[in-house]
There are 2 protein chains.
Amino acid sequence: MIKALVFDAYGTLYDVHSVKAACESVFPDKGEKISAIWREKQVKYFFQRQLMGGYRPFDEVTRDALRYACRTEGVDLETEDEERLMMAYLNLELFEEVADVLEKCSDKQRVVFSNGSESMIVPLVESSDIHTHIDRIISADEIKQYKPTPAAYAYALDQLGLKRDEVLFMSSNTWDIMGASSFGFQTAWINRNKDQPETLDVQPDQAYTDLYGILELL
Amino acid sequence: MIKALVFDAYGTLYDVHSVKAACESVFPDKGEKISAIWREKQVKYFFQRQLMGGYRPFDEVTRDALRYACRTEGVDLETEDEERLMMAYLNLELFEEVADVLEKCSDKQRVVFSNGSESMIVPLVESSDIHTHIDRIISADEIKQYKPTPAAYAYALDQLGLKRDEVLFMSSNTWDIMGASSFGFQTAWINRNKDQPETLDVQPDQAYTDLYGILELL
């Protein structure tokens with residue numbers, strides 16, 4: 001019996017590539033490329049930080065990754081533009097179906113559980129159309145352990161005061177859905193990009209192309 | 001005063017993309033692509049395993065990554081071909097200058113320190129031209145903690161019985177060189193592909209395009 005719906009934010013509720021327009025306005029013809037490298041490197045950098053020890057918050061990781069993306073594309077990132085692009089991360093677009101699905105699940109506790117530090121994830125959710133549909137925001141920054149470590153999922157579970165199998169966890173990111181499945185949450189992989197499954201012995205319980213899928217399940 | 005030269009294996013001493021020919025012979029016109037995805041996924045998978053907990057040895061990770069690469073490229077991987085390609089990993093080619101450099105450093109302890117499990121790294125080194133120039137092989141599998149965790153580097157250091165700054169560690173992999181630098185080894189990044197540096201506050205002490213660079217240093 002599912003009591004809480006726990007959603008990853010970046011890539012799952014919010015389109016991280018909606019920063020593309022902001023990147024494009026600063027660096028014409030390079031917006032798509034910079035946006036893609038930015039996200040890819042952001043994930044690599046918090047993996048690296050977590051593995052090396054010496055936790056650094058998500059805003060710092062995100063800024064480091066942006067600088068890498070610009071350097072890779074051979075463009076100078078002025079301080080003012082850097083701030084503007086970092087701000088774009090506080091105004092990511094929701095995927096189309098998100099508000100509708102959240103509204104239809106109002107009998108469950110609806111939670112955002114993100115690697116984003118409070119300074120990034122709270123303004124993002126609060127300023128978006130779903131803020132009235134979200135009962136709670138949990139940041140991995142509170143325990144300074146990034147998903148997909150078991151410690152991160154255990155922290156979220158503890159905050160919710162539930163049993164593992166009373167949580168349905170949703171993410172588009174395979175590294176996240178593998179971590180959550182391995183931890184013991186029920187999981188639904190929101191495979192927005194129609195990626196192929198990972199060839200690991202840990203698999204999500206469900207897979208859907210968007211969040212509408214979970215309405216069948218509940 | 002450097003007392004031990006510690007070398008990463010995959011990508012640093014040995015060219016992981018020398019499996020391309022074997023991949024090509026099994027899957028014509030797809031060798032390069034499969035080889036590239038194989039390596040990229042291999043790294044992602046041991047990062048993921050390390051972060052999720054529940055360590056799995058490098059041979060299993062490597063096999064999972066090969067299966068992913070083949071599935072991505074839409075080809076069927078027969079059991080026999082899988083074994084053949086896994087065997088190719090035991091016969092990787094040395095980079096051109098490796099034997100010469102190792103021979104010239106015979107006054108130092110020369111060590112291979114790899115994430116490869118014993119069943120992969122020992123046959124690779126033993127059957128290659130440098131086996132007489134390597135004094136010791138250390139596998140992260142002995143402690144079941146992958147680089148770039150501090151625990152992995154600490155294990156190697158403990159095995160060597162040296163102080164951190166008595167070790168010069170070399171890797172082409174930025175995730176590895178960052179981990180080793182952060183741990184406190186002296187480090188030389190062997191930047192074979194002329195990649196740009198990571199935009200992190202941890203940087204290698206030296207950077208060279210191949211191993212000849214360390215001869216200037218010593």
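All figures in this text were calculated on a predicted structure; none of them were measured in a lab. (Residues numbered from 1 in each chain as written. Chains lettered and ligands numbered in written order. Predicted model: local features only at pLDDT ≥ 70, side-chain atom pairs only at ≥ 80, totals over all residues. Heavy atoms only, no water.)

Draft legend 1. Local environment of the relation of the copies chain B and chain A. Overlaying chain B with chain A gives an RMSD of 0.0 Å, the required rotation being 180° about an axis along which the chain moves by 0.0 Å. The superposition of one copy onto the other is thereby described by a two-fold rotation axis. Counting the interface residues of chain B, we find that 100% of their copies in chain A are interface residues as well, pointing to one common contact surface. (Least-squares fit on C-alpha atoms with pLDDT ≥ 70 in both. Contact = heavy atoms within 4.5 Å.)

Draft legend 2. View of the packing of aromatic side chains. All told, the structure shown has 34 aromatic pairs over all chains when counted by the stated rule. Their ring planes at 80° and their centres at 6.1 Å tell us that Phe113 of chain A and Tyr153 of chain A sit as a pair that is edge-to-face. With Phe113 of chain A in strand β4 (residues 109-114) and Tyr153 of chain A in helix α7 (residues 150-160), the pair connects residues that are 40 residues apart, well separated along the chain. Ring centres of Tyr153 of chain A and Phe185 of chain A lie 6.0 Å apart, and the angle between their planes is 90°; on these two criteria the pair is classed as edge-to-face. Taken together, the residues span a long stretch of sequence, with Tyr153 of chain A in helix α7 and Phe185 of chain A in the loop between α8 (174-183) and β7 (186-190) at a distance of 32 residues. Assessed through its relative accessible area of 0%, Tyr153 of chain A is described here as buried. Using a relative accessible area of 3% as the deciding quantity, one classes Phe185 of chain A as buried. Feature note: the residues Tyr10, Trp38, Phe46, Phe47, Tyr55, Phe58, Tyr89, Tyr146 and Trp175 of chain A constitute an aromatic cluster, connected by ring pairs. Directly above the aromatic system of Phe95 of chain A lies the positively charged group of Arg192 of chain A, at a separation of 3.8 Å from the ring centroid. Against the face of Phe183 of chain B rests Arg164 of chain B, its NZ or CZ located 4.0 Å from the ring centre. (Phe/Tyr/Trp six-rings, centres within 6.5 Å; stacked < 30°, edge-to-face > 60°. Helix = DSSP H or I, 4+ residues; strand = E, 2+ residues; numbered from the N terminus. Buried < 20%, exposed > 50% of the residue type's maximum accessible area, 1.4 Å probe, protein only. Lys NZ or Arg CZ within 6 Å of the ring centre and 35° of its normal.)

Draft legend 3. The arrangement of helix α2 (residues 31-52) of chain B in detail. All names here are of chain B. The end-to-end C-alpha distance of α2, which contains 22 residues, comes to 31 Å, matching closely the 32 Å that a straight helix rising 1.5 Å per residue would cover. Along α2, 17 of the 22 residues are buried, which leaves the element largely enclosed by surrounding structure. Two residues or fewer past α2, Gly53 is found with a positive phi of approximately 80°. (Expected span 1.5 Å × (residues − 1).)

Draft legend 4. Fine view of the environment of Leu157 of chain B. Residues and elements named next belong to chain B. Mapping Leu157 onto the fold places it in helix α7 (residues 150-160). Judged by relative accessible area, Leu157 falls into the buried class, the value being 10%. Not counting the four nearest positions on each side in its chain, Leu157 is found in contact with Leu162, Lys163, Arg164, Val167, Phe183 and Phe185.

Draft legend 5. Just helix α4 (residues 79-88) of chain A, in detail. Residues and elements named next belong to chain A. Considered for burial, the residues of α4 that qualify are Asp81, Glu82, Leu85, Met86 and Ala88. One side of α4 carries all its buried residues, which in axial view fall inside an arc of 150°. Across from the buried face of α4, at angles greater than 90 degrees, the exposed residues are Thr79 and Glu80. (Arc of directions from axis to C-beta.)

Draft legend 6. Focus on the sheet that holds strand β1 (residues 4-7) of chain A. All names here are of chain A. Spatial ordering of the open sheet is given by β5-β4-β1-β6-β7-β8, a layout of 6 strands whose pairing is parallel. Strand pairing shows two members of the sheet lacking a second neighbour, β5 (136-139) and β8 (206-208), which therefore form its edges. Neighbour to neighbour, the strand axes of the sheet diverge by 25° on average, direction disregarded. Across 4 bridges, the pairing between β1 and strand β6 (residues 167-171) is parallel. Each residue of the ladder has a partner; that of Phe7, found in β6, is Met170. Along the sheet, helix α6 (residues 118-126) makes contact with β4 and β5, crossing β5 at roughly 160°. Against the sheet, α7 contacts β1, β4, β5 and β6, and its axis sits at roughly 150° relative to β5. (Pairing = 2+ DSSP bridges. Axes fitted to C-alpha atoms, helices over the stretch in contact; angles between N-to-C directions.)

Remember that the coordinates give geometry; whether it matters functionally is a separate question.
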